[in-house]
Amino acid sequence: MNFCSNQREREQMIKMKKVSPEKIENNSIPIFSMIMFAFFPTSFQKEIGGNLYIIVLWLILTAFVLTVFIRNAVDTGKLRLVIFILLYMCGVSMIQMYTNKWARISIARIAPLVVLLLTLTIVVKKIPDFSVMERLTDIFSATCIIWNVGILLQFSPVVDFTKNFYSQYYDRALHYSMLYKKPVMGFGVHTFAAFYYFLMFICYYGLAQKRHKIKDYLLCFVYICFTALLTSNSSLIYTAVMLCMYVWLIRKKVFVILSVVCAGILILYQNSEWILHNYMIFLRDGKSGFQGRYVGSNTFLENFEVIKSSLGIGFCILDNKNIIYSDSGYVMYLTMGGIILLVLLYSLIILFVRDNIPKMYRLPMIFLIMSFEVALPGTFSYRFVFALVFAVCFFQSLEKQALDAQMIYPPNMCRLRC
């Protein structure tokens, strides 16, 4: 009993420590990250943000990345590699400008790549409080459930709010999501929603492994359900992977298994016709998904012409060609800088994950990022950088919390806890 009493006093003393300015700064980084990748409006009264909005957004992201860059460590080897990549891309751009009268430099090509590359040199050392990260994930989950249930039930205030403040990408993108009752929250389209639901699934997967709370197991299942209800090719693949991970997670939890099986049967029974109908629409549509992008399609025809005939277009836009910058991150980077940019950039992403995310979560994160690039150039999106920083903060704080718990309650003393 004395051991337990002493440890409780120690825990209370830790909680009573004054909050330092540095700690406030550490905690503000993930808070701001979540606001920007999950809740920042993309439209006003259904009008998608124009050029001024985009400029302001990227200025905010640049300031954010510079703040994280200054406050944490920087890998000098990666920084040298980034400088080489940028010099290489400038050279490719100059060649393109010199040989093609239709080529013009675009800040829209420069800013995303520079900001991404700068982010990938950072080694995060300033770890936020786990309690803050826990609250943030719970706030996201509560909002996600309420928001998506409103969309699924076609609750007018929720649907109207989503259309007014979260229309994005192009005029009809969100329209189709609402038409097919896709639980996209504020992410606009099913592909991006699937990415962020998988990310939150990995967060709660880690929580469930560390502390074995029923809430964490249930929220993992919630994100599997929302991903499945997005009814797209990418969501189908992510749902299958998440289910495999989930089965492994709950393999020894009889109560959780029975609860999940019952909930799954109920959801399928109530929505089987609608789910099957939506999936059949997209699976039969040869213009969408992997087949529409890569198999028997001319989507990337002019991209491949550029890839085969040059080092790339660099930071240029070619006014005489229909170059596609969406639908595939791999094709986009090949178009911009050839195989050199492709290999170096994705190598930096893998190295960033290796250096910033604990070992247990590296493989799921690498799979998520690399697989998403098949569908869309997610790494070129402003949301990706904010979400990546948030993920690093979450997993590092979770790992630190687990290590602190082991120090307070060593394995050989766990049975003495009251």
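Starting from 1, residues in each chain are numbered consecutively following that chain's sequence as written. Where local features are concerned, this predicted model is filtered to residues with pLDDT of at least 70; where side-chain atom pairs are given and counted, the filter is 80 or more; whole-chain, interface and lining totals use all residues. Each side-chain value is derived from all of the structure's non-hydrogen atoms; neither hydrogens nor water enter the calculation.

**Some remarks on the overall build of the chain**
For clarity, the cut-off: Numbering goes from the N terminus for both helices and strands, where a helix is a DSSP run of H or I of at least four residues and a strand is a run of E of at least two. Per-residue accessibility, obtained with a 1.4 Å probe over protein chains only, is compared with the maximum for each type, and a residue is labelled buried under 20%, exposed over 50%, and partly exposed between these values. Here, residues are in contact when the closest pair of their heavy atoms is within 4.5 Å. Note that accessible areas follow from Shrake-Rupley with a 1.4 Å probe, and for residues the cover is restricted to the protein chains shown.
A tally of regular secondary structure across the chain gives 17 helices and six strands. Looking at the chain as a whole, 48% of its 418 residues are labelled buried. The long-range share in the chain, meaning contacts at least 24 apart out of those at least 6 apart in sequence, stands at 78%. Accessible area for the chain stands at about 21,000 Å²; split by element, carbon and sulfur atoms hold 67% of it.

**Some details on the side chain of Ser235**
Operational definition: Two N or O atoms form a polar contact when they lie within 3.5 Å of each other; inside protein one atom must be a possible hydrogen donor and the other a possible acceptor, and for residues adjacent in sequence the pair counts only when both atoms belong to side chains.
Here Ser235 is to be found in helix α11 (residues 233–249). In this structure Ser235 comes out as buried when scored by relative accessible area, which is 0%. A polar contact is formed between the side chain of Ser235 and the backbone oxygen of Thr227, at a distance of 3.5 Å.

**A look at the confidence of the model for the chain**
Rules: pLDDT is a per-residue confidence score from the predictor, ranging from 0 to 100.
Looking at the chain as a whole, the pLDDT averages 84, with 83% of positions reaching at least 70. The lowest-confidence element of the chain is helix α1 (residues 2–15), averaging 52 in pLDDT; the highest-confidence one is strand β5 (residues 122–123), averaging 95. Every residue in residues 413–418 is under pLDDT 50, and counting partners more than four places away or in other chains gives nine contacts.

**Considerations on the state of the cysteines**
Counted only if it meets this: A pair of cysteine sulfur atoms is labelled a disulfide when the two atoms are within 2.5 Å.
This model, assessed by the stated rule, comprises zero disulfides. There is no disulfide at Cys203, and the cysteine sulfur nearest it, in Cys220, is 9.6 Å away.

**Some words on the nonpolar core**
Note the following rule: By nonpolar core is meant a set of buried Ala, Val, Leu, Ile, Met, Phe, Trp, Tyr and Cys residues that side-chain atoms within 4.5 Å join together.
Phe37, Leu113, Phe140, Phe187, Phe201, Tyr246 and Tyr333 are the most contacted members of the largest nonpolar core, which has 118 residues in total. When residues of this core are assigned to their parent elements, the largest contribution, 16 residues, is made by helix α9 (residues 190–211). Not counting the four nearest positions on each side in its chain, Leu113 is found in contact with Met89, Phe315, Tyr333, Met336, Leu341, Leu345 and Phe380.

**Brief notes about helix α4 (residues 76–99)**
The following threshold applies: A helix's residues, less one, multiplied by 1.5 Å, set its expected span.
The terminal C-alpha atoms of α4 lie 35 Å apart, and with 24 residues this matches the ideal 34 Å at 1.5 Å per residue to within 8%. Three or more residues of α4 are buried, namely Lys78, Val82, Ile85, Tyr88, Met89, Val92, Ser93 and Gln96. At its buried positions, α4 is contacted by β4 (103–105), α5 (107–120), β6 (316–318) and α15 (329–356). With a side-chain oxygen lying 3.0 Å from the backbone nitrogen of Gly77, the N-terminal cap of α4 falls on Asp75.

**What to know about unusual backbone geometry**
Trans peptide bonds make up the majority, and among non-glycine residues the majority have a negative phi. The phi angle at Gln45 is positive, at roughly 50°, despite the residue not being glycine. Position of Gln45 among the secondary structure elements: in the loop between β1 (43–44) and β2 (47–48). Judged by relative accessible area, which is 45%, Gln45 ranks as partly exposed. Phi is positive for Gln154, which is not a glycine, with a value near 55°. With respect to the helices and strands, the residue Gln154 is situated in the loop between α6 (130–152) and α7 (156–166). For Gln154, a relative accessible area of 35% translates into the label partly exposed.

**Considering a nonpolar patch on the surface**
For the record, the criterion: Each patch is built from residues lacking any salt bridge and having more than 30% relative accessible area; the joining distance is 9 Å for like charges and 5 Å for nonpolar side chains (Val, Leu, Ile, Met, Phe, Trp, Tyr). Whenever Lys or Arg places a side-chain nitrogen within 4 Å of a carboxyl oxygen from Asp or Glu, that contact is recorded as a salt bridge.
On the surface, Phe84, Ile339, Ile340 and Val343 cluster together to form a nonpolar patch covering roughly 350 Å² of accessible area. Structurally, Val343 can be placed in helix α15.

**What about the packing of α9 against α11?**
Note the following rule: All axes are obtained by fitting lines to C-alpha atoms, using only the stretch in contact for helices, and the reported angles, taken between N-to-C directions, cover 0 to 180 degrees. Oblique is the label for every angle not falling under 35 degrees (roughly parallel), over 145 degrees (roughly antiparallel), or within 65 to 115 degrees (roughly perpendicular).
As a packed pair, α9 and α11 sit with axes 10 Å apart at the nearest point and diverge in direction by 5°. Classified by the angle their axes make, α9 and α11 are roughly parallel. Contacts between α9 and α11 involve His190, Thr191, Ala194, Phe195, Tyr197, Phe198, Phe201, Tyr205, Ala208 and Gln209 from the first element and Ser234, Ser235, Tyr238, Val241, Met242, Met245, Tyr246, Trp248 and Leu249 from the second.

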